[in-house]
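One-letter residues, chain by chain:
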Amino acid sequence: MRAPFPLFGRLAAFRTPGNARNAAWLILEKGFRWLVALTVGVWLARALGPVQFGALASALALVLLWGSAASFGIDNVVVRELVRTPSARGELLGTAFALRLLGGALAGLGAALTGWLLRADLAVTLTAIAAVNLAVGAGEVFDLWFQAEVRAHRAVVARTLAFAVISAARVVLLLNHASPTAFAWAFAAEAALASVALAFAYRAEPARPALLAPTFARARALLRESWPNIVSGLAMMAYMKLDRVLLGELADDRAVGLYGAACTLTEAWYFLPVVLASSATPALTRLRATDPAAYLIRLAQLARLLAALGWALGLALTLAAPFLAGGLFGAAYRDATPILAILAWGLLFAFVGVAASPWYLNEGLLRPAMWRHLLGAALNLLLNLLFIPRWGAPGAACATVIAFASAHVFANALDPRTRVIFRLQLRALLLLPPAPAPTA
């Protein structure tokens, strides 16, 4: 069967028709979401202005920071185990669902309490409302089964319908000049609707396993392996979102608004490496067991593709920054131009970092991944504290790019166990072809 996109067919990790088709569905979904989210996001930024948009962006950043712990870091471990042990799928999914319910409730409460401790204005209310998003997102567990089966189309349709309904609601709110509070409620409602849609999509699958009652033994086994993912997720979200929280504390909501506008145009592209890596992971996991040398070569091909995309996007966004900031968002956001030009180059390191995620999972090296993300978070915190008082939002952008480069790539050179992936990433950054026989 011919691959939906020739590009995927040329990449070895996507030569299996199911993988290429899966990636095509996911990219179509994310492309649609990107287009709608960018349009509505720009409209929202212009309607609220930098100050109110900054308060909303600060609240959502805090919620997303806590949201990285809502799944207890088990998602990729569950997908791997669904592939490896089909007979245990019902117990795996039932246990994962219970853990996600618990984690979402705890993370939502943590986000609300943190907002109350840090802020004493509108952002507190916005954070508390948006935190509901975490408590109602347990239905995302059903998507793990679709990932393991490499059958994205039903999950894509379910999520897209939920997103379209909420996007239409946001348009209605914009036309009625609604307050930031209403948009925080819309953010919370999107997770609930997506969970319901995914549940119905799962029920429509004739070969789906029934969700069995969660077991303590299975939960303990998942958490024992995934706890580094919890720390990694928190650390990764810290160096992705902490800048907005610190800008709100060390600068003002206008600075957060300018920074948030620039992030709208860069973070919208993160779906590309995630989709490609997640679609390739099942095939890479199987290949590692049969041909480790070919496995590393295919992983290197994935990294090189993502590096090329990162270089192209970094250059394009840098050149277009003056038009995108002042022209797209309006004159009030013209000062976001240098912020966007700097943040664009964080994409390059983020893309190459995501390419390494299947390797960390398959090699059982989640703890080294945790330490490199902690390094990135600590570096980002330190640099933000140094840069924001001097240079404001552009300083926060510099801190983020340095943290991305350190955590996603260069930290791998510090550990002998991860130097093989560092060499692979370095060749990808230089757009060199894969080495014939990578060795540790």
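Here, every reference points to the structure presented above.
## Some words on the overall build of the chain
Helix and strand content of the chain: 19 helices and 0 strands. In terms of overall dimensions, the chain is globule-like: its C-alpha atoms have a radius of gyration of 21 Å, near the 22 Å expected for 440 residues. Along the longest, intermediate and shortest principal axes, the C-alpha atoms of the chain span 55 × 45 × 40 Å. The buried share among the 440 residues of the chain stands at 56%. Across the chain, the fraction of contacts at a sequence separation of at least 24, relative to all contacts at a separation of at least 6, is 80%. Entry remark: accessible area of the chain is about 18,000 Å², with carbon and sulfur atoms responsible for 69%. Of the charged side chains in the chain, 36 are positive and 20 negative; the average position of the first set lies 7 Å away from that of the second.

## Comments concerning a nonpolar patch on the surface
Taken together, Phe-410, Leu-426, Leu-430 and Leu-432 make up a surface patch of nonpolar side chains, about 350 Å² in accessible area. Turning to its location among the elements, Phe-410 is positioned in the loop between α18 (393-408) and α19 (419-429). A relative accessible area of 41% means that Phe-410 is categorised as partly exposed.

## Focus: helix α13 (residues 292-329)
The end-to-end C-alpha separation of α13 is 48 Å, well short of the 56 Å expected for 38 residues at 1.5 Å each. In α13, a bend of some 65 degrees at Ala-320 exceeds every other bend along the element, and Pro-322, a proline, comes one to four places later. One or two residues past the end of α13 sits Gly-330, with phi positive at roughly 110 degrees.

## Considerations on unusual backbone geometry
A negative phi angle characterises most non-glycine residues, just as the trans form characterises most peptide bonds. Positioned with a positive phi, His-177 is a non-glycine residue whose angle comes to about 55 degrees. On the accessibility criterion, His-177 (73% relative accessible area) is exposed. The phi angle at Leu-431 is positive, at roughly 60 degrees, despite the residue not being glycine. Locating Leu-431 in the fold gives a position in the segment after α19. Under the relative-accessibility criterion, Leu-431 is labelled partly exposed at 35%.

## Some points on empty space enclosed by the protein
For the coordinates displayed, the defined rule picks out 4 cavities of 30 Å³ or more. Taken as a whole, the second largest cavity holds about 90 Å³ of empty space. Around the second largest cavity, the lining comprises 13 residues; the ones closest to its centre are Thr-266, Tyr-270, Leu-343, Thr-400 and Phe-404. Of all the secondary structure elements, the ones that give two or more residues to the lining of the second largest cavity are α10 (216-250), α11 (253-267) and α18. The element that contributes the greatest number of residues to the lining of the second largest cavity is α11, accounting for 4 residues.

## Considerations on the packing of α13 against helix α15 (residues 346-355)
Two elements in contact, α13 and α15, have axes whose closest approach is 8 Å; the angle formed by their N-to-C orientations is 165 degrees. Taken together, the axis directions place α13 and α15 in an arrangement best described as roughly antiparallel. Relative to α15, α13 is oriented so that their crossing is right-handed. Residues Leu-299, Leu-302, Ala-303, Leu-306, Ala-307, Leu-309, Gly-310, Trp-311, Leu-313 and Leu-317 of α13 form the contact with α15, whose own contacting residues are Leu-347, Leu-348, Phe-351, Val-352 and Ala-355. Looking at the contact of α13 with α15 residue by residue, the classes come out as 14 nonpolar, 1 polar and no charged.

## Points about the side chain of Arg-89
Within the secondary structure layout, Arg-89 lies in helix α4 (residues 89-118). With relative accessibility at 14%, the residue Arg-89 sits in the buried group. A polar atom in the side chain of Arg-89 sits 3.0 Å from the backbone oxygen of Leu-82. Those residues in contact with Arg-89, other than ones at most four positions away along the chain, are Leu-82, Val-83, Trp-145, Glu-149 and Pro-209.

## Details of the side chain of Asn-362
Looking at where Asn-362 falls in the secondary structure, it is placed in helix α16 (residues 357-362). Within polar-contact distance, the side chain of Asn-362 engages the side chain of Tyr-295 at 3.5 Å. Non-local contacts of Asn-362, meaning those with residues more than four positions away in its chain, are made with Leu-284, Thr-285, Arg-288 and Tyr-295.

## Section: the nonpolar core
Core analysis: the largest hydrophobic core is formed by 99 residues, its most contacted members being Leu-247, Tyr-259, Ile-339 and Trp-359. Looking at which element gives the most residues to this core, the answer is α13, with 16 residues. Setting aside anything within four residues of it in sequence, one finds Leu-247 in contact with Asp-252, Ala-255, Val-256, Tyr-259, Ile-388, Gly-392, Ala-393 and Ala-396. One finds Val-77, Val-78, Phe-146 and Ala-219 within the second-largest nonpolar core, a separate group that totals 29 residues.

Reading the values: rules and limits
Residues numbered from 1 in each chain as written. Predicted model: local features only at pLDDT ≥ 70, side-chain atom pairs only at ≥ 80, totals over all residues. Heavy atoms only, no water. Helix = DSSP H or I, 4+ residues; strand = E, 2+ residues; numbered from the N terminus. Rg over C-alpha atoms; globule rule 2.2 N^0.38 Å. Buried < 20%, exposed > 50% of the residue type's maximum accessible area, 1.4 Å probe, protein only. Contact = heavy atoms within 4.5 Å. Areas by Shrake-Rupley, 256 points an atom, 1.4 Å probe, with all protein chains shown as cover. Lys, Arg positive; Asp, Glu negative; His and termini not counted. Charge placed at Lys NZ, Arg CZ, Asp CG, Glu CD. Patch = residues over 30% accessible without salt bridge, like charges linked within 9 Å, V, L, I, M, F, W, Y side chains within 5 Å. Salt bridge = Lys/Arg side-chain N within 4 Å of Asp/Glu carboxyl O. Expected span 1.5 Å × (residues − 1). Bend = angle between axes of the 7 residues up to and from the residue. 1 Å grid on protein atoms, 1.4 Å probe; cavity = no way out; pocket = protein on both sides within 12 Å on 5 of 7 lines; lining within 4 Å. Points joined across faces, edges and corners; volume = space filled by probe spheres on them. Axes fitted to C-alpha atoms, helices over the stretch in contact; angles between N-to-C directions. Parallel < 35°, antiparallel > 145°, perpendicular 65-115°, else oblique. Left-handed = near helix turned anticlockwise from the far one by under 90°. Nonpolar A, V, L, I, M, F, W, Y, C, P; charged D, E, K, R; others polar. Polar contact = N/O pair within 3.5 Å; in protein donor to acceptor, adjacent residues only side chain to side chain. Core = buried A, V, L, I, M, F, W, Y, C linked by side-chain atoms within 4.5 Å.

Purely spatial values, then, with no claim about function.
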